[in-house]
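# Inside the fold
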Amino acid sequence: MRIPDRLSSRLPGRLGGEKAEQDVVPLVRLTGVIAPQMGGPVPRAVINSVSTDKVLERAFATEHAVAVAVVINSPGGSGTQSALVADRIRGLAEEHDLPVLAFCEDVAASGGYWLACAADEIYAHPTSTVGSIGVVSSGFGLEGLIQRFGIERRLHTAGTSKARLDPFLPEKEEDVAWLRSFQDELHGQFVDWVKARRGDKLASDTDLFTGEVWSGARALGLGLVDGLGTPRSILTERFPEAKLVTVEGRKPLLARLGIGAPAAAAGLGWSQVTAADVVLGLTQAADIRASWARYGL
């Protein structure tokens with residue numbers, strides 16, 4: 001073999017002229033609670049528009065991609081962040097003219113199912129937890145706790161509704177009524193999204209919008225998913241000539257080493273962190289844990 005031929009044989013097919021490039025299916029994992037920022041004193045995986053933007057861009061821009069797979073493992077969280085990430089997936093899918101396949105792992109509930117509906121097809125394992133098409137708000141009443149430790153809450157507002165549902169103040173009936181009205185509005189938007197994405201696939205003889213969850217096997221019969229299986233089994237069957245490639249986000253060095261804290265992420269020194277910040281951080285961590293525990297995880 002002549003040297004020019006040897007060099008040419010090592011070039012990609014479209015440059016070397018001998019072998020076509022292999023089809024690719026980029027796979028993106030969306031794991032964690034959906035939240036606008038990391039919560040709690042220990043770094044945890046979260047899904048939001050910032051943490052997913054670049055990895056989604058890279059996945060859809062992958063050369064020779066024939067589809068994009070999104071593996072979801074999330075108990076939900078922020079409705080706004082769910083919508084922003086889902087809208088980004090749809091926008092990139094249309095821009096690159098690529099089909100999107102979503103795969104539900106342990107749980108794709110609430111906001112996690114909102115993300116799944118951004119796909120053109122949804123698959124689940126028979127044991128997956130799917131659904132929870134509803135809205136929930138959770139928190140803690142901490143006014144007694146801070147009093148016990150001698151912490152004085154100082155809050156000054158302009159506007160009678162500015163401090164609604166403050167966790168350090170007693171709960172008011174009018175604030176709860178406002179919250180429920182707001183939840184109803186968001187629930188309606190969630191229902192509209194699911195109906196728009198799933199259409200006639202949804203079962204008409206079951207109320208799917210009560211916040212109930214189902215196994216992946218049951219979700220198939222209800223039209224919430226299109227099939228059962230694992231990402232590898234489904235994608236290998238659908239795209240037998242394609243190579244599956246996991247696309248991961250780039251993490252900062254400290255995050256890769258497992259070092260971090262909410263104060264550091266916010267650019268605060270420890271001297272600027274108040275006792276209330278610490279208590280709130282701990283309750284956020286408990287809330288995240290409760291989000292997973294709601295589904296037995």
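As shown above, the structure is provided for reference.
As a starting point, this report considers the structure included with it.

Thresholds, definitions, all that
Residues numbered from 1 in each chain as written. Predicted model: local features only at pLDDT ≥ 70, side-chain atom pairs only at ≥ 80, totals over all residues. Heavy atoms only, no water. Helix = DSSP H or I, 4+ residues; strand = E, 2+ residues; numbered from the N terminus. Buried < 20%, exposed > 50% of the residue type's maximum accessible area, 1.4 Å probe, protein only. Contact = heavy atoms within 4.5 Å. Areas by Shrake-Rupley, 256 points an atom, 1.4 Å probe, with all protein chains shown as cover. Salt bridge = Lys/Arg side-chain N within 4 Å of Asp/Glu carboxyl O. Core = buried A, V, L, I, M, F, W, Y, C linked by side-chain atoms within 4.5 Å. Axes fitted to C-alpha atoms, helices over the stretch in contact; angles between N-to-C directions. Parallel < 35°, antiparallel > 145°, perpendicular 65-115°, else oblique. Left-handed = near helix turned anticlockwise from the far one by under 90°. Nonpolar A, V, L, I, M, F, W, Y, C, P; charged D, E, K, R; others polar.

### Details of the overall build of the protein
Scanning the protein for helices and strands turns up twelve helices and ten strands. Of all 297 residues assigned to the protein, the portion counted as buried reaches 39%. Restricting to contacts in the protein with at least 6 residues of sequence separation, those with at least 24 account for 73%. Accessible surface, the protein: about 17,200 Å² in total, of which carbon and sulfur atoms supply 52%.

### Some remarks on the pattern of salt bridges
Applying the stated criterion to the full structure yields twelve salt bridges. Across the pair Arg88 and Asp53 runs a salt bridge, and its minimum N-O distance is 2.8 Å. Of this pair, Arg88 sits in helix H4 (residues 79–96) while Asp53 sits in helix H3 (residues 49–60), and the two are 35 residues apart along the sequence. On the basis of relative accessibility, which here comes to 28%, the residue Arg88 falls in the partly exposed class. Owing to a relative accessible area of 21%, Asp53 belongs among the partly exposed residues under this scheme. Residue Arg90 pairs with Asp120 through a salt bridge whose shortest N-O separation is 3.6 Å. Here the residue Arg90 occupies a position in helix H4, and Asp120 occupies one in the loop between helix H5 (111–116) and strand S6 (121–124), the gap between them amounting to 30 residues.

### Quick look at the nonpolar core
Judged by nonpolar contacts, the single largest core of 48 residues is most densely connected at Phe60, Tyr113, Val194 and Leu224. Considering every element that reaches this core, the biggest residue donor is H4, with six residues.

### Some words on the environment of Ser132
Secondary-structure assignment places Ser132 in the loop between strand S7 (129–131) and helix H6 (143–148). Of the residues examined, Ser132 reaches a relative accessible area of 9% and is grouped as buried. Separated by 78 residues in the primary sequence, Ser132 and Thr210 have C-alpha atoms spaced 7.4 Å apart.

### Some remarks on the packing of H3 against H4
Between H3 and H4, the least distance of the axes is 10 Å, while the angle of their chain directions is 15°. Considering their axes alone, H3 and H4 lie roughly parallel with respect to each other. The handedness of the crossing between H3 and H4 is right-handed. Facing H3, whose interface residues are Ser49, Thr52, Asp53, Leu56, Glu57 and Phe60, H4 presents Gln81, Leu84, Val85, Arg88, Ile89, Leu92, Ala93 and His96. Residues of the contact of H3 with H4, tallied by class, amount to seven nonpolar, four polar and three charged.

So, to be careful, I would describe these as geometric facts and stop short of saying anything about function.
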